[in-house]
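Architecture and fold: a report
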Amino acid sequence: MEKNIMLNENTYWVGKVDDRDVPFHRLTLTKGTTYNSYLLNTEKPTVIDTVDISFGREFVQNLSNIIALDEIKYIVINHTEPDHSGALGSLAAKAKNAVIVCTEPAVNELKEMYRLHSREFLVVSDGDTLDIGGKILKFMQTPYLHTEETMITYCEDDKILFPCDIFSTHIANYEYFNDLAKEDIKEDFTVYYKLIMHPHRRYVQEMIEKIKDLDIKIIAPSHGFIIRYDVQSFIDIYDNMSKSTDQSKKALVLYSTMTGNTKKIATILKEKFEEQNITSEIMDVNKVPMEEIISAINEADTIFFGSSTRYGDMIGNMEEVLKNLKTLNLESKLGATFGSYGWSGEAIEVIQDYLNESNLKVLNTSDIIKSTGMTDIELPLRIRFSLKEDSLKSIDRLVTYTSDLLLSAI
Ligand code: FEO
């Protein structure tokens, strides 16, 4: 059983130190990790996040030594991945009066993962507060840090930020606080940032904006050290590393359109790249001379190719452009396919075949899932008829991902 660690007079660390080699996102954490859970023992006792499922029973037993579990009023789940929500099923079974607090996208995930369909949930939105009897908690949504449903929790009275994965380190340790660490943790802290957060750097900036006016005395993350010394310097690491500083990257969007829908997608792609500080250019391949198109391809860092489909094939000069790809050295460039279609959208697939035969690094859904865990970007980008709201979101996510790849040399 872990000993209980106090952050202040009624805030307990009730987590688990895992000093094994821990498998994690196709890596092995040779320094182990910790799963940090916290108990705020107020008039309405509240648990913030839990531990990995393999330690669920031990976690609940440990907690029961501090508090009668049926007195727990709230269980806050900032992030649904099982290294933090893993003990929710065991805890909820004993903490029968507890309301589970999470974001809207998290509710169904938690219900399905832990069979909690009949439990009471409190769904919180960005900026909502909750009085837990003596303390006020404020919730801020931090989508894609690093999954869609994530949020962070700030205790206004104690000035403690509970950001779950954000500001974490993977180091098993029994010192718990960064001022007691045996070595400087900033290298491990930075490695963690690069692996987990940097692929979502735009969202890191949004998070920084949300917390910038908070008075944060302690950061209590859900892996590794609790940061209570030199707090701002750790926030600054995230801020500095997630800023876009390189505006020299170029995106080129080539299209051939029949009714204007594919042109509309191309235009939005261009605008979204510009929002990401990427210089972008759009070309109708039927109106620009081939030499100019080839020259633009050679200068670009990423090239998107799009065509409408007519009679099962692409239209206009797009195929002529694609035939040239084999003669070019595109090794360091990213490529992607898009298009609007009405029935089957064969042109999009034929373009993709051409890209796969070139030496472009062709963006695809499988690689995105494997490298980031993001499941909501579909490539090739296929839009049936005209753009809808969900397609715009999808384009935004795709461009953010591509821009992050272009700008991620750190
Ligand atoms: Fe530590 Fe995203 O789980």
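For the structure, check the block above.
Values in this document were obtained by computation on a predicted structure and should not be read as measured data.

**So, the pairing of strand 17 (residues 250–256)**
With six of seven residues buried, strand 17 lies mostly within the body of the structure. Where strand 17 meets strand 18 (residues 279–284), six bridges bridge the pair, whose relative direction is parallel. Among the inter-strand pairings, V253 is bridged to a residue of strand 18, identified as I282. Crossover connection from strand 17 via helix 8 (residues 261–275) to parallel strand 18: handedness right-handed. The pairing of strand 17 with strand 19 (residues 302–307) spans six bridges and is classified as parallel. Counterpart to V253 in the pairing with strand 19 is F304.

**Some thoughts on empty space enclosed by the protein**
Unoccupied space between atoms shows up once a probe the size of one water molecule is rolled over them. Applying the stated criterion to the full structure yields two cavities of 30 Å³ or more. Counted as a void, the second largest cavity has a volume near 30 Å³. Around the second largest cavity, the lining residues are Q141, T142, P143, L145, Y203, E206, M207 and K210. Here the lining of the second largest cavity gets four residues from one element, more than from any other, and that element is helix 6 (residues 201–211). Among the residues forming the lining of the second largest cavity, the class breakdown is four nonpolar, two polar and two charged.

**Focus on the pattern of salt bridges**
Taken as a whole and judged by the stated rule, the model has 25 salt bridges. Between K272 and D396 there is a salt bridge; the shortest N-O distance is 3.6 Å. Here D396 lies in helix 13 (residues 389–407) and K272 lies in helix 8, a separation of 124 residues in the sequence. With a shortest N-O distance of 3.9 Å, D284 and K287 are connected by a salt bridge. The class of K287 is exposed, set by a relative accessible area of 69%. What you see here is one network of salt bridges that share partners, running through R202, E206, K272, E275 and D396.

**A look at the packing of aromatic side chains**
Enumeration over the complete set of coordinates arrives at 11 aromatic pairs. With centroids separated by 5.0 Å and ring planes inclined at 55°, the aromatic side chains of Y144 and Y203 adopt a geometry described as tilted. Highlighted residues: Y144 in the loop between strand 13 (136–141) and strand 14 (151–155) and Y203 in helix 6, separated in sequence by 59 residues. Here Y144 falls in the buried class, since its relative accessible area comes to 8%. For the ring pair F167 and F189, a centre distance of 6.4 Å and an interplane angle of 5° mean the geometry is stacked.

What counts and how
Residues numbered from 1 in each chain as written. Predicted model: local features only at pLDDT ≥ 70, side-chain atom pairs only at ≥ 80, totals over all residues. Heavy atoms only, no water. Buried < 20%, exposed > 50% of the residue type's maximum accessible area, 1.4 Å probe, protein only. Helix = DSSP H or I, 4+ residues; strand = E, 2+ residues; numbered from the N terminus. Pairing = 2+ DSSP bridges. Right-handed = clockwise from strand over helix to strand, strands pointing away. 1 Å grid on protein atoms, 1.4 Å probe; cavity = no way out; pocket = protein on both sides within 12 Å on 5 of 7 lines; lining within 4 Å. Points joined across faces, edges and corners; volume = space filled by probe spheres on them. Nonpolar A, V, L, I, M, F, W, Y, C, P; charged D, E, K, R; others polar. Salt bridge = Lys/Arg side-chain N within 4 Å of Asp/Glu carboxyl O. Phe/Tyr/Trp six-rings, centres within 6.5 Å; stacked < 30°, edge-to-face > 60°.

The quantities given are spatial measurements derived from coordinates; they are silent on function.
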